[in-house]
Each structure stands twice: as structure tokens, then as C-alpha cells.
Amino acid sequence: MNLEAQLTISPTAMIVPNRRITGISAILLPFRDNREIDWPGFANHVRRTAEAGLTPAVNMDTGFANLISEEERQKVLRATRCALDGGEFVAGAFVADSPGEPFNAEAYFGQVESIQSHGGTPIVFQSYGLTQQSGDDIVRSYETIGEKTDKFIAFELGAMFAPFGAIYDLETYGGLLGVGKCIGAKHSSLNRQLEWERIALRDAARPDFKVFTGNDLAIDMVIYGSDYLLGLSTFAPDLFAKRDAMWLAGDPEFFELNDLIQYLGFLAFRPPVPAYKHSAAQFLKLRGWIGSDRTHANSPERPSSDVAILRDIAARMGVLKER
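Residues numbered from 1 in each chain as written. Predicted model: local features only at pLDDT ≥ 70, side-chain atom pairs only at ≥ 80, totals over all residues. Heavy atoms only, no water.

> Hey, could you run me through the pattern of salt bridges in this one?
It is possible for side chains of opposite charge to pair when their charged atoms get near one another. Taken as a whole and judged by the stated rule, the model has 15 salt bridges. Put simply, Arg 35 and Glu 301 hold a salt bridge, and the shortest N to O gap is 3.2 Å. Separated by 266 residues along the polypeptide, Arg 35 in the loop between strand 1 (23-26) and helix 3 (39-52) and Glu 301 in the loop between helix 12 (276-286) and helix 13 (306-317) bring together distant segments of the chain. For Arg 35, a relative accessible area of 28% corresponds to the partly exposed category. Look at Glu 301 and you get partly exposed, because its relative accessible area is 40%. Linking Arg 198 and Glu 156 is a salt bridge whose minimum nitrogen-to-oxygen distance equals 2.8 Å. Taken as a pair, Arg 198 in helix 9 (residues 192-205) and Glu 156 in strand 5 (residues 152-157) lie far apart in primary sequence, 42 residues in all. (Salt bridge = Lys/Arg side-chain N within 4 Å of Asp/Glu carboxyl O. Helix = DSSP H or I, 4+ residues; strand = E, 2+ residues; numbered from the N terminus. Buried < 20%, exposed > 50% of the residue type's maximum accessible area, 1.4 Å probe, protein only.)

> What should I look at first to understand the nonpolar core in this one?
Across soluble globular proteins, nonpolar side chains show a tendency to be buried alongside one another. Ranked by size, the top nonpolar core spans 107 residues in total, and within it Phe 42, Val 58, Tyr 142 and Met 317 carry the most contacts. When residues of this core are assigned to their parent elements, the largest contribution, seven residues, is made by helix 11 (residues 253-268). Ignoring sequence-local partners within four residues, the contact set of Tyr 142 consists of Val 124, Gln 126, Leu 130, Phe 152, Ala 154, Phe 155, Tyr 168, Leu 176 and Val 179. (Core = buried A, V, L, I, M, F, W, Y, C linked by side-chain atoms within 4.5 Å. Contact = heavy atoms within 4.5 Å.)

> When you look at helix 10 (residues 237-249) in this model, what are you seeing that I'm missing?
Over its 13 residues, helix 10 extends 18 Å from the first C-alpha to the last, a length consistent with the 18 Å expected when each residue adds 1.5 Å. Buried residues of helix 10: Pro 237, Leu 239, Phe 240, Ala 241, Arg 243, Asp 244, Met 246 and Trp 247, and no others. Lining the buried residues of helix 10 we find helix 3, strand 8 (227-230), helix 11 and helix 13. Gly 250, located one to two residues past helix 10, shows a positive phi value of around 75 degrees. (Expected span 1.5 Å × (residues − 1).)

> I'm lost on the side chain of Ser 127 in this one. Help?
Tracing the chain through its elements places Ser 127 in the loop between strand 4 (121-124) and helix 6 (128-131). Judged by relative accessible area, Ser 127 falls into the buried class, the value being 1%. Reaching out from Ser 127, the side chain makes a polar contact with the side chain of Tyr 108 at a distance of 2.9 Å. With residues near it in sequence (within four places) discarded, Ser 127 still touches Val 95, Asp 97, Tyr 108 and Phe 164. (Polar contact = N/O pair within 3.5 Å; in protein donor to acceptor, adjacent residues only side chain to side chain.)

> How should I be thinking about the environment of Asn 34 in this particular structure?
The residue Asn 34 is located in the loop between strand 1 and helix 3 in this model. Residue classification places Asn 34 among the partly exposed positions, given a relative accessible area of 48%. Expressed as a C-alpha distance, the spacing of Asn 34 and Thr 295, which sit 261 residues apart in the sequence, is 10.0 Å. Of note is the side chain of Asn 34, whose polar atom sits 3.0 Å from the backbone nitrogen of Glu 36.

> What is the right way to look at the pairing of strand 7 (residues 210-213) in this model?
In summary, the side chains of a regular strand alternate between the two faces of the sheet. Taken together, the four bridges between strand 6 (residues 182-188) and strand 7 define a ladder with parallel strand orientation. Counterpart to Gly 184 in the pairing with strand 7 is Lys 210. A crossover connection joins strand 6 to the parallel strand 7 through helix 9; in handedness this β-α-β unit is right-handed. For strand 7 and strand 8, the ladder comprises two bridges, and the chain directions are parallel. Residue Thr 213 lies in a different strand from strand 8, and its bridge partner there is Tyr 228. (Pairing = 2+ DSSP bridges. Right-handed = clockwise from strand over helix to strand, strands pointing away.)

Here it is in C-alpha cells:
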């Protein structure tokens, strides 16, 4: 069965006016000038994101989940639980492996159980062992993970973000919709057509399933029925919340604010894409929300000349810190 051939994609017909958007924001893990983690800055950003009305997501790509140690990931979970005082959050379940290694169910069990013990909902990061399987085996692996969780979010991650990532074919994605414990999936292909196909399949097969766009180059995917789990929203959770409220209210100014935020996304998510985390640090420092624009030592950086452009964008948004 060719699911792609059976789907009729008409983007204009898919627009859903006045829908309530579910927003999850991948939290930047900030660093100090000495390259040590800025824990107070992190806790403050988690809190301000939740106060804006978005659900914080920690230990994601934006939080350098594949670069920090397991000890640091556990400290992130503790700091998040403390900052939110029992509030809702999502956390990446990351399993480090190498090409050719088998799917490590026990390692995933340990990750999801740890996240749940801290009060979070796991989002299952891909690994070589997971993505290098056949489609049927990939679905069975998610079913296996589901045996140890109350609920979880799956994750398709394009290889431009991480070498172990993969975008599933539509048949495999259809199988994922049949995993009861999986309440949604983040889709990070940066491809509108692939995401529209997932929305159409979701609408036909399981309407309660959340398609969380990870397309930071097309943040208007929310008007077609996607929700979001974005790294771009960590730059301005307050403005994302404002934009979402505009869509719910039918306010046409949604489009102007969305365009301005998207301008920021085009700058931040240009190649090399992983350097968007440095763009985030530069922008948050301009806003006065963190003290340093340093990032993890093994993460690529942007040129200092970007700061002037980011300052102009922040001024247009009305969020530039007064000096």
C-alpha cells in the first residue's frame, strides 16, 4: 500500500482558522564565558517559557543533549523540576551509540524512567540503533519503549541536525500512529510537503495525535494543523505565545508577527544549522536574559557580525533590552 499516493494534499484546504495551538519550546542550555553551564540562567529561562504559556522541553538539540554528559543531563532534569515546582515539561530521552550498533532498549528504558521520575514526558531521540532498522522494526521498537512509559513523543530528526537522525517513510510513520502510548511526533525535515503528508495521514487515521513541527524555516505550519516543538521559540517564547493567541482570536496581525519571527529563523537556521544555538545565545544576551553568548565548546558558532543584525531584529520586535 502506497500511503503517499492515497493522500490528497491541498494546503489551502488544510488551513484551520482559530485553532488553539499547542506550543512546546526547546530550551537553550546557556553557558558562561568560562564554558561552564549557567544554571541560574537556565532555570530562569525555563520559568519564563512556562509563564509565557509554552511547555519547556529540555535535553533537546537546543540543550546540546548529544554533547553534554549523562551526569549533566540528569542535573538538567533536577533543575527543571525545581524551576517549575511540579509544572509540565518535556525532556529528551537520548541514547548515545555508534553506526552498526543494535537498538538498545534497556538504555531507552533507563532514560524514559528517569524523565518520568522527575515529572516529565519523554521525547524519544533517535539513535543509530533505532533508525538503521527496517520500518516494521522501528515501529516495534517504539512499542517496546511504550511498555515503560505512560506516554511519550516520538522524534524524526533530519541528518542536517544530527548524523543519527532519519526521516521515516510514510508507511513507517503510519505505523507510529498505531502506537497507543505515542501521543505525537516532532517532525524536523525542514520540508513542508513531508509535514503536510503527515498532517493529512494523522487527520485520517488518528486525529488526537499531535504533529509537532520542527520546521524553523516554516513556523506558519501551525495554520495547517501542526503544533510545534521548536528551537526558534527559545529566542522569544513571549512572542510565540502572543502569535498563537492571535491565531486563536482570528487576529490578522498574526501574519505580521509571524513574518518577523520567521525573518529571525531564516538568519538563525542557515547552514551550518547547528550554529543556531549560538544565534540563540547571542539574541538572549541582547535581550538581557543571559549574561554570555558562549555555547558548548563542541558546537559551531556564528560570526560576531551577526549581533548587529540580531539587534535590529530585536528592536523591530520591541524586545531589545534598554541600555
